[in-house]
Amino acid sequence: MSDQYLVRIEGKNTDIAVEETQSILDAALRANEWLPHSCTQGTCGTCKLKVLRGEVDHRQTPEYTLTVEERAEGLALGCMATPRSDLTVEPLGNVSDDGVPGHPLRDYEGTVVVLDDIAANTRRLVIELDTPMQFNAGQYAELIVPEHAGARQYSMANPPTETRRLEFHIKLTAGGLSTDGWIFRSMTLGERVSLRGPLGQFNLVAKQDEPAILIGGGTGLAPLKSIVQHALVEDLVPELFLYHGGRRREDLYDVEFFRDLEHRHPHFHYRPVLSEEQWEGATGLVTDVVVSDFPSCKGMSAFLCGPPAMVDAAVKALKRRRMAPRLIFREEFTITPATSTAPAVL
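Computed from a predicted model, the values in this text were never measured in an experiment.

Enquirer: For this particular structure, what's the right way to read the pattern of salt bridges?
Expert: When charged atoms on two side chains of opposite charge get close, those side chains can pair. Under the criterion given, the structure shown has 25 salt bridges. A salt bridge links Arg165 to Glu128, with the shortest nitrogen-to-oxygen separation between them at 3.4 Å. Here the residue Arg165 occupies a position in strand 12 (residues 165-171), and Glu128 occupies one in strand 9 (residues 122-129), the gap between them amounting to 37 residues. Where Asp130 meets Arg192, a salt bridge forms, and the shortest distance between an N and an O atom there is 2.6 Å. With Asp130 in the loop between strand 9 and strand 10 (140-144) and Arg192 in strand 13 (residues 192-199), this residue pair connects regions lying 62 residues apart in the sequence. Three or more residues joined by partner-sharing salt bridges are found here, namely Glu55, Asp57, Arg59 and Arg84.

Structure, rendered in structure tokens:
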């Protein structure tokens, strides 16, 4: 058995038990103690904390996320660092959950019940869990890759009322441990799958006065689909504008699903955009189409999900249209280098 240490989270006056091989973040979330986090794979730095007392093992923390100088100053990544002694740590980010419902991180088992090709190199995976998972619209789970130590992250596309059947949209990545090596190669209906969740702080849970623009690139549509369904059922947003960007028509999916939602909910608007093919719909970069549609975004909010370049472009475009930065929420899809065994979106 591994050793166990006590970690005190400064500002919460909370002590949590952490195994010597367990990350500080993993232990905190399993204890339902909120800590800021996003990627959980060492690439974003959202979970940085300062070690006030004790010693940690940085494991495979990338130097581009946590420099040698930062380590010397006592900083660590909560998602990567494991304890070597009892610790006192102070998160650098906001430890308040801002009233967002907390759902403890748990391990789950389930069965593959849907595995469909829905767009170019894109599959819909639905897993029926043995036990329900409570989560917030916009969060994600980590699928455990069989016969490997690694896990890969995918956002739930189903609304949080569906706690037993989790829907994921998965894009093939050449050489990807999870996609090329498993989901697109050998996964079959009826296969048993291990996963853990929920994770992430990208969500929409509370009623808001601001109309919302949702921009998804590729399978960045997944958490937005969850958010849209939840917002419409719960009447959380006065008006919703969903933009889905792809290169060609073969990249679009769930078009009829959103067209039907648009027909049934007059305050929901769906606009697919293609960047490399002329068609009857909008053409160009999805962020340019948004800028063209909205002379001003003052008094609006945004939820963005997709590749970092798309998310960055969307943030800049919305700021130019006077959207308040505090009302821009984002989830970036990142990829861990192939040499790393850390979790990644693949």
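There's more to say after this.
Enquirer: Help me understand the side chain of Glu167 in this model?
Expert: As for its position among the elements, Glu167 is in strand 12. Of the residues examined, Glu167 reaches a relative accessible area of 11% and is grouped as buried. Of the polar contacts made by the side chain of Glu167, one reaches the side chain of Lys225; its length is 3.0 Å. Aside from chain neighbours lying at most four places away, what touches Glu167 is Arg124, Leu125, Val126, Ser155, Met156, Ala157, Asn158, Lys225 and Asp254.

Enquirer: What exactly am I supposed to notice about the sheet that holds strand 18 (residues 301-306) here?
Expert: In a beta sheet, neighbouring strands pair by backbone hydrogen bonds and run either parallel or antiparallel. Strand order in the open sheet made by the six strands is 17-16-15-14-18-19, with parallel pairing throughout. For this open sheet the edge positions go to strand 17 (282-283) and strand 19 (328-332), each flanked by a neighbour on one side alone. Two elements, strand 16 (residues 268-274) and strand 17, share two bridges in a ladder whose sense is parallel. Paired with Leu274 across the strands is Thr283, a residue of strand 17. Packing of helix 4 (residues 221-234) onto the sheet brings it into contact with strand 14 (212-217), strand 15 (240-246), strand 16 and strand 18, and relative to strand 15 it is tilted by some 165°.

Enquirer: Looking at this model, I keep getting lost on the packing of helix 6 (residues 286-293) against helix 7 (residues 308-320). Mind explaining?
Expert: Geometrically, a packed helix pair is captured by the angle between its two axes and the distance between the axes. Running from N to C, helix 6 and helix 7 point in directions that differ by 15°, and their axes come no closer than 9 Å. Between helix 6 and helix 7, the interaxial angle falls into the category roughly parallel. In this structure, helix 6 crosses over helix 7, and the sense of that crossing is right-handed. When helix 6 is examined against helix 7, the residues Val286, Thr287, Val290 and Val291 are found in contact with a partner set consisting of Met310, Ala313, Ala314, Ala317, Leu318 and Arg320. Its residues assigned to classes, the contact of helix 6 with helix 7 comprises eight nonpolar, one polar and one charged.

Scoring rules and cut-offs
Residues numbered from 1 in each chain as written. Predicted model: local features only at pLDDT ≥ 70, side-chain atom pairs only at ≥ 80, totals over all residues. Heavy atoms only, no water. Salt bridge = Lys/Arg side-chain N within 4 Å of Asp/Glu carboxyl O. Helix = DSSP H or I, 4+ residues; strand = E, 2+ residues; numbered from the N terminus. Buried < 20%, exposed > 50% of the residue type's maximum accessible area, 1.4 Å probe, protein only. Polar contact = N/O pair within 3.5 Å; in protein donor to acceptor, adjacent residues only side chain to side chain. Contact = heavy atoms within 4.5 Å. Pairing = 2+ DSSP bridges. Axes fitted to C-alpha atoms, helices over the stretch in contact; angles between N-to-C directions. Parallel < 35°, antiparallel > 145°, perpendicular 65-115°, else oblique. Left-handed = near helix turned anticlockwise from the far one by under 90°. Nonpolar A, V, L, I, M, F, W, Y, C, P; charged D, E, K, R; others polar.

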